[in-house]
Every structure is written in C-alpha cells, then in structure tokens.
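Structural description and commentary
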Protein chains: 2
Amino acid sequence: MEEAKGVVKHVLLAKFKDDLSPEKIVELIISYANLVNLIEPMKAFQWGTDVSAENLHQGFSHVFESTFESVEGVAEYVAHAAHVEFLNLFMPALDKVVIIDYKPTFVKL
Amino acid sequence: MEEAKGVVKHVLLAKFKDDLSPEKIVELIISYANLVNLIEPMKAFQWGTDVSAENLHQGFSHVFESTFESVEGVAEYVAHAAHVEFLNLFMPALDKVVIIDYKPTFVKL
C-alpha cells in the first residue's frame, strides 16, 4: 500500500431539497465546478449522481470529489471568499450533507 | 466537462462500532483491500481516515473508494462470493454506513 504524498481528497455527499428545480441544481453544480478555476489549491474536481443498486445510499443523490495537495490547501479553500460565497448558496439547498476529507492510500491504481 | 467512459466509482463511508479494537479494524481494511486481487471487475481501491476540519463528517471516520469499468462490473462485484463473505464480516462491525456509486464527470484532472 502506498499513501499519495500529501494528497487530500475532499468528498461531499449531498441530497438536494425536494422542492429544488433541476435547473437550480445544475446551476449549483456549475458554480461548484467553477471553484476549481478560482481557488488555486483546488487541483481537480469530479462529480456524479447515484447509480448504486445496493440501496445503501441513505438518500444521498450526488457525490462531489475535490483534490488538494495538502491539508493546508483544504484549509485555504474552506476559508476562500469564493468558497464561502458558494456555500451560502449551496448549503441552504441541501436536505442532507456529509463532508469528509482523507489522504488516500492506494492499494491498486 | 467530460464523463469518463463507463467508469464507476463505488464510495463507502463507514463508522466502525466503538467497541472494535484498532487491530480488528486494520484486519477488516486489509480484507477489503484484498478484494481487488480476487474480483476481476474491481480495478482499483483506495482508502483513508477522516482528516476534515469542517466537522460535517457526521461521525463517519473512514472512506473507501473502489473503481469499476461499468455498472455491470459493480453488479458482478456485489454478487461475487468473495465480496459476500467479506460483507458478512464487515457490515456487523459498522455503526453507520453509506454506499453510493457514481459515474464521474471530470471538470479538471
């Protein structure tokens, strides 16, 4: 097993509120994705919707994963004005959220 | 934005039961990691423990991410005898679990 040097994955699971329109959800996802252009320590971003068949997703419908080069990079991101502005729009749109950061140990790439 | 052709990320967030020993947790993680050697459609595996500072991890302490080449690959994995045997040990050790699969759209790699 090998731990990626410093790399931190920032994982956010979301369930949007039921009364949110699909257009509003797309708008929020675009705003989230755009942070990668605004916040230097945010190195990569990927997202997708639940396609699981095991029915253990606990109502979460969206996954967002950002990549940082260090824990300090995540801290800089969290405090960044563009992130704070985004969160003020994003968080009120959510019914449920989990945010967890981890330094991945790769068993096989 | 570009969607990775067919690739499915299988994300599992876990909180182990409080009475589990650290040795038992390591043993379970090694068993999980070993699935990548036993189940052909499981192409990659990475894991790590929570290092987040935002306190939105809802008690989850571990992230496990597996990569598959298709939704069919995940289905084959879920039904595989080695996975079923592993789950019979792993699931009773958990206090909380979320499992969500998604086809990542990469905004920046």
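Residues numbered from 1 in each chain as written. Chains lettered and ligands numbered in written order. Predicted model: local features only at pLDDT ≥ 70, side-chain atom pairs only at ≥ 80, totals over all residues. Heavy atoms only, no water.

Contact residues are listed per partner, giving 45 residues for chain B and 45 residues for chain A. Between chain B and chain A the total buried area reaches about 3,700 Å² when both faces are included, carbon and sulfur atoms providing 64% of it. Interface area lost by chain B to chain A is led by Glu54(B), Ile100(B) and Tyr102(B), which between them contribute 17%. Linking chain B with chain A are zero salt bridges. Where chain B packs against chain A, one counts 14 residue pairs in polar contact (both at pLDDT 80 or more). Looking at the side of chain B that touches chain A, the elements with two or more residues in it are β2 (8-16), α1 (22-38), β3 (42-49), β4 (62-68), α2 (71-79), β5 (94-102) and β6 (105-108) of chain B. Partitioning the side of chain B that touches chain A into residue classes produces 26 nonpolar, 11 polar and eight charged. (Contact = heavy atoms within 4.5 Å. Buried area = accessible area lost by both parts, 1.4 Å probe. Salt bridge = Lys/Arg side-chain N within 4 Å of Asp/Glu carboxyl O. Polar contact = N/O pair within 3.5 Å; in protein donor to acceptor, adjacent residues only side chain to side chain. Helix = DSSP H or I, 4+ residues; strand = E, 2+ residues; numbered from the N terminus. Nonpolar A, V, L, I, M, F, W, Y, C, P; charged D, E, K, R; others polar.)

All names here are of chain B. With respect to the helices and strands, the residue serine 70 is situated in the loop between β4 and α2. Residue class for serine 70 comes out partly exposed when judged on its relative accessible area of 22%. Spatially, the C-alpha atoms of serine 70 and aspartate 101 are 11 Å apart, while their sequence positions differ by 31 residues. Setting aside anything within four residues of it in sequence, one finds serine 70 in contact with Gly6 and Val8. (Buried < 20%, exposed > 50% of the residue type's maximum accessible area, 1.4 Å probe, protein only.)

All names here are of chain A. Tallying each qualifying case throughout the model produces 10 salt bridges over all chains. Note that aspartate 18 and lysine 15 form a salt bridge whose closest N and O atoms lie 3.3 Å from each other. For aspartate 18, a relative accessible area of 73% puts it in the exposed group. A residue is classified by how much of its surface remains accessible, and lysine 15, at 16% relative accessible area, is buried.

Note on the identical chains: chain B maps onto chain A by a rotation of 180° and an axial translation of 0.0 Å, with an RMSD of 0.0 Å. In symmetry terms, the pair is related by a two-fold rotation axis. (Least-squares fit on C-alpha atoms with pLDDT ≥ 70 in both.)

Time to look at the packing of aromatic side chains. Residue and element names in this part refer to chain A. Per the stated rule, a full pass over the model turns up 20 aromatic pairs over all chains. On the basis of an interplanar angle of 40° and a centroid distance of 4.9 Å, the ring pair of tyrosine 32 and phenylalanine 86 is categorised as tilted. Taken together, the positions of tyrosine 32 in helix α1 (residues 22-38) and phenylalanine 86 in helix α3 (residues 81-90) put the pair 54 residues apart, joining distant regions of the chain. Classification of tyrosine 32 as buried rests on a relative accessible area of 1%. (Phe/Tyr/Trp six-rings, centres within 6.5 Å; stacked < 30°, edge-to-face > 60°.)

Everything listed is a geometric property; what it means functionally is a separate question.
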